[in-house]
Amino acid sequence: MDSKPTNIDKSYLADYTLHLADSSLIMGHRLSEWTGHGPMIEQDIAISNIALDLIGQARNFYQYAAEIINLENTEKKITEDDLAYLRDTFEFKNFLITELPNGDWAQTIGKIFFFSTWQFYFYQKLIYSSDKQLSAIADKSLKEVTYHVKWSSDWVMRLGDGTDESRKRLVTAIEYLWPYTGEMFVPAEFESNNEDQVNVDVSSIKKDWHDKVSCVSAEATLALPTNTWMQSGGKKGIHTEHLGYILAEMQYLQRTYPGLEW
Amino acid sequence: MGPQQLLEKFNARIEQDIRIEPKDWMPDDYRKTLIRQISQHAHSEIVGMLPEANWITRAPSLKRKAILLAKVQDEAGHGLYLYCAAETLNISRETMIEQLLSGQAKYSSIFNYPTISWADMGAIGWLVDGAAIMNQVPLCRASYGPYARGMVRICKEESFHQRQGYEILLTLCRGSKEQKAMAQDALNRWWWPSLMMFGPNDDQSPHTAQSMKWKIKRFSNDELRQKFVDICKQQADILGITIPDPDLKWNDERGHYDFGEINWGEFWNVVNGNGPCNKERLAAKIKAHEDGAWVREAALVFAAKQKKKNSDKEVKLETV
């Protein structure tokens, strides 16, 4: 099959691809704030590396989204940078968890652990997408994400079963992050139709995700929160207050000097 | 072997360009000089991450963001190899970091200047990494093995960094009027501090003669600085921006560019802690170190628990 989308709803496919791009970009952007400020050099390198992987994934998705949008867009061809730098908060479709502040090392580890575990199960299914391009990106990204899951799980165990302080900080972080995990398993409108077998039924990976998260938490001698109230809105463009600041910073040069090459 | 014989053997090896390795005997001053130089270099890599990390979240395109992030990450890697190279001389990384954070150890003063615009990412790559390469390529032949080998790897990455910096400026200089002005402004601010990176003039450089004798250093500060000026002038011409030195002109007789007097007052001021960002840079490293203390402690405690668990398991297996 050709990698060009031909027989499916293109706006849904574009939105779906943008959602994946936005989550990876915002997560990678946030993690890159650690660069130069990590608790030890080895971990500074590791977290920068994860940030770099995520920005790489985002670029693959944005380039594909641009290709899809440009099929119908004959006037001016858009690029990956137009999509990352010239859309506003309500157009971003990233998960809320990705835009939350890094907080301390425990909060960052919690964010990476929850998100990369989701990516791990998600990409394993996206590999079988009927869309060859999405499948190829998933295949490449899965290798990276497998490491992110291992790295963050190791840290969950270290912090959970480390000192009293590390445990307390991790518990606080998990309680803070937990309500932001629900929306990862609730399909948005652009992913509700799966007749073409392009997208992944995200509700189907909830159990795997929960089992993995529970298992690592148990190893770390932690109990997961029992509250079930979940925040949502990210995929629909309804964000926390944090995203506006991220975009103001990230998009500053493109907005100040429009239309230039950098 | 007596001390005199050891020294003669050491000198003979230096003479014959045979590398000195960690387990070889070496004079105390040689060891001290190397520790000072390698740890300063490691600290420079680590502190040097900060002015560039300042622009990762504001890089103007996804490609630039990825390249800059990778570059800053490379610097962390360089810091790591250099700390390891210094550790072979019997000093721990913890001690070196303490010396950095207490202000006792120095790092390259260039990182005490602020990165104000995106063009500074170009200027740092082109000039700062360019000057660093000029200093560091000869170190690939330094007499101390672990240092020389570390430098081979570092220099390969640095030359990539320099190209990406120059390419940022080339893009700006071929762009809009505002972009070109941004590039010129960056050159104005980074030019003189880059020349200072080669250190004091030869007649004012206390360590040079001994370091050259020991083949740690292969060229003097002024020789390297001249080489740098000669190359940069041509590169600035290609960019179409002007080096901020009215005395810069070709000298046919010498076969080099003449250039103006460096403001050594500024140099010593920055070395002694009065640069625009000395306090911020050190404060950022101290904050990262203090905020990370509980993380490092948790990792140690966890590792000890795991070790105990494993040894308990072994005991059990043995008794079965």
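Just so you know, these numbers come straight off a predicted model, no measurement behind them.

A.B. asks: Lay out the overall build of chain B in plain terms, naming residues and giving numbers.
C.D. replies: When its secondary structure is counted, chain B shows 13 helices and two strands. Seen along its three principal axes, the alpha-carbon backbone of chain B occupies a region of about 80 × 55 × 30 Å. When burial is assessed residue by residue, chain B has 54% of its 320 residues classed as buried. For chain B, long-range pairs separated by at least 24 residues make up 76% of all intrachain contacts whose partners lie at least 6 apart in sequence. For chain B, the accessible surface area stands at approximately 15,100 Å², while carbon and sulfur atoms represent 55% of it. Of the charged side chains in chain B, 43 are positive and 41 negative; the average position of the first set lies 6 Å away from that of the second.

A.B. asks: Help me get a handle on the interface of chain A and chain B, residues and values and all.
C.D. replies: Every contact between the two is made by 47 residues of chain A and, on the other side, 46 residues of chain B. Both faces combined, the contact of chain A with chain B buries some 4,000 Å², and carbon together with sulfur accounts for 70% of it. Joining chain A to chain B, the criterion identifies 16 residue pairs in polar contact (both at pLDDT 80 or more). With 11 residues, helix α2 (residues 41–72) of chain A is the single largest residue contributor to the side of chain A that touches chain B. When the residues that make up the side of chain A that touches chain B are grouped by side-chain class, the tally is 22 nonpolar, 12 polar and 13 charged.

A.B. asks: Tell me about helix α11 (residues 264–274) of chain B, and please be specific about residues and values.
C.D. replies: Residues and elements named next belong to chain B. Residues of α11 that are buried: Trp264, Phe267, Val270, Val271 and Gly273. Packed against the buried residues of α11 are α8 (177–196), α10 (221–239) and α12 (278–291). Sitting at the amino-terminal end of α11 is Asn263, which places a side-chain oxygen 3.2 Å from the backbone nitrogen of Gly265.

A.B. asks: Lay out the packing of aromatic side chains in plain terms, naming residues and giving numbers.
C.D. replies: One pass over the structure, following the stated rule, counts 30 aromatic pairs over all chains. Ring plane angle 90° and centroid distance 5.5 Å describe the contact between B:Tyr30 and B:Trp214, whose orientation is recorded as edge-to-face. Of this pair, B:Tyr30 sits in helix α2 (residues 28–47) while B:Trp214 sits in the loop between α9 (208–213) and α10; the two residues are 184 residues apart in sequence, bridging distant segments of the chain. We note that B:Tyr30, like B:Trp214, is buried. An aromatic cluster is present here, built from A:Phe61, A:Phe95, A:Phe115, A:Trp118, A:Phe122 and A:Tyr123 joined pairwise through their rings.

A.B. asks: Tell me about α2(B), residues and numbers included.
C.D. replies: Its 20 residues place the ends of α2(B) 28 Å apart at the C-alpha level, agreeing with the 28 Å of an ideal helix rising 1.5 Å per residue. The element α2(B) is largely enclosed, with a buried count of 14 among its 20 residues.

A.B. asks: Please provide a residue-by-residue account of the nonpolar core, values included.
C.D. replies: A:Tyr62, A:Trp105, A:Trp118, A:Phe122, B:Tyr30, B:Trp118 and B:Trp191 are the most contacted members of the largest nonpolar core, which totals 182 residues. Among the elements that make up this core, the one with the highest residue count is α2(A) (16 residues). If we skip the residues at most four places from it in the chain, A:Tyr62 touches A:Leu18, A:Ala21, A:Asp22, A:Leu25, A:Glu80, A:Leu83, A:Ala84, A:Arg87, A:Phe92 and B:Leu62.

A.B. asks: I'd like to hear about the environment of A:Thr221, residue by residue, with values.
C.D. replies: Residues and elements named next belong to chain A. Along the chain, Thr221 turns up in the loop between α8 (206–219) and α9 (242–250). Residue classification places Thr221 among the partly exposed positions, given a relative accessible area of 39%. Taking the C-alpha atoms as reference, Thr221 lies 30 Å from Asp53; in sequence the two are 168 residues apart. Contact partners of Thr221, with chain neighbours within four places excluded, come to Gly160, Asp161 and Arg167. A distance of 2.6 Å separates a polar atom in the side chain of Thr221 from a polar atom in the side chain of Arg167.

A.B. asks: Requested: an account of the confidence of the model for chain B, with residues and values cited.
C.D. replies: Residues of chain B with pLDDT of at least 70 account for 100%, and the chain-wide mean is 95. Reported for the predicted complex are a pTM of 0.95 and an ipTM of 0.95.

A.B. asks: Go over the packing of α8(B) against α10(B), please, and point to the residues and values.
C.D. replies: Residues and elements named next belong to chain B. Interaxial distance between α8 and α10 falls to 12 Å at its minimum, and their mutual angle equals 175°. Classified by the angle between their axes, α8 and α10 sit roughly antiparallel to one another. For the pair α8 and α10, the contacting residues are Lys180, Trp191, Ser194, Leu195 and Met196 in the first and Arg225, Phe228, Val229, Cys232 and Leu239 in the second. Among the residues forming the contact of α8 with α10, the class breakdown is seven nonpolar, one polar and two charged.

A.B. asks: So what's going on with the pattern of salt bridges? Residues and values would help.
C.D. replies: Summed over the entire model, instances satisfying the criterion amount to 29 salt bridges over all chains. Among the ionic pairs, A:Asp211 bridges to A:Lys207, the shortest N-O distance being 2.7 Å. With a gap of four residues between them, A:Asp211 and A:Lys207 both fall in helix α8, about one helical turn apart. Residue A:Asp211 is classed as partly exposed on the basis of its relative accessible area of 38%. A salt bridge links B:Lys308 to B:Asp312, with the shortest nitrogen-to-oxygen separation between them at 3.3 Å. With B:Lys308 and B:Asp312 both in helix α13 (residues 293–319) and four residues apart, this pair spans about one turn of that helix.

A.B. asks: Talk me through the side chain of B:Ser220; I want residue IDs and the actual numbers.
C.D. replies: Residue and element names in this part refer to chain B. For Ser220, the position within the fold is in the loop between α9 and α10. Side-chain polar atoms of Ser220 contact the side chain of Asp202, separated by 2.6 Å. With residues up to four places along the chain from it excluded, the contact list for Ser220 reads Asp202, Thr208 and Met212.

A.B. asks: Any chance you could break down the state of the cysteines for me, citing the residues and the numbers?
C.D. replies: Within this structure, the stated rule accounts for zero disulfides over all chains. The closest cysteine sulfur to the non-disulfide-bonded B:Cys84 is located on B:Cys155, 17 Å from its own sulfur.

A.B. asks: I'd like a rundown of the side chain of B:Gln73, residues and numbers included.
C.D. replies: When you line up the elements, B:Gln73 lands in helix α4 (residues 62–87). When near neighbours in sequence (up to four residues on either side) are disregarded, B:Gln73 contacts A:Ile45, A:Ser48, A:Asn49 and A:Leu52.

About the criteria used
- Residues numbered from 1 in each chain as written.
- Chains lettered and ligands numbered in written order.
- Predicted model: local features only at pLDDT ≥ 70, side-chain atom pairs only at ≥ 80, totals over all residues.
- Heavy atoms only, no water.
- Helix = DSSP H or I, 4+ residues; strand = E, 2+ residues; numbered from the N terminus.
- Buried < 20%, exposed > 50% of the residue type's maximum accessible area, 1.4 Å probe, protein only.
- Contact = heavy atoms within 4.5 Å.
- Areas by Shrake-Rupley, 256 points an atom, 1.4 Å probe, with all protein chains shown as cover.
- Lys, Arg positive; Asp, Glu negative; His and termini not counted.
- Charge placed at Lys NZ, Arg CZ, Asp CG, Glu CD.
- Buried area = accessible area lost by both parts, 1.4 Å probe.
- Polar contact = N/O pair within 3.5 Å; in protein donor to acceptor, adjacent residues only side chain to side chain.
- Nonpolar A, V, L, I, M, F, W, Y, C, P; charged D, E, K, R; others polar.
- Phe/Tyr/Trp six-rings, centres within 6.5 Å; stacked < 30°, edge-to-face > 60°.
- Expected span 1.5 Å × (residues − 1).
- Core = buried A, V, L, I, M, F, W, Y, C linked by side-chain atoms within 4.5 Å.
- pLDDT = per-residue confidence, 0-100.
- Axes fitted to C-alpha atoms, helices over the stretch in contact; angles between N-to-C directions.
- Parallel < 35°, antiparallel > 145°, perpendicular 65-115°, else oblique.
- Salt bridge = Lys/Arg side-chain N within 4 Å of Asp/Glu carboxyl O.
- Disulfide = S-S within 2.5 Å.

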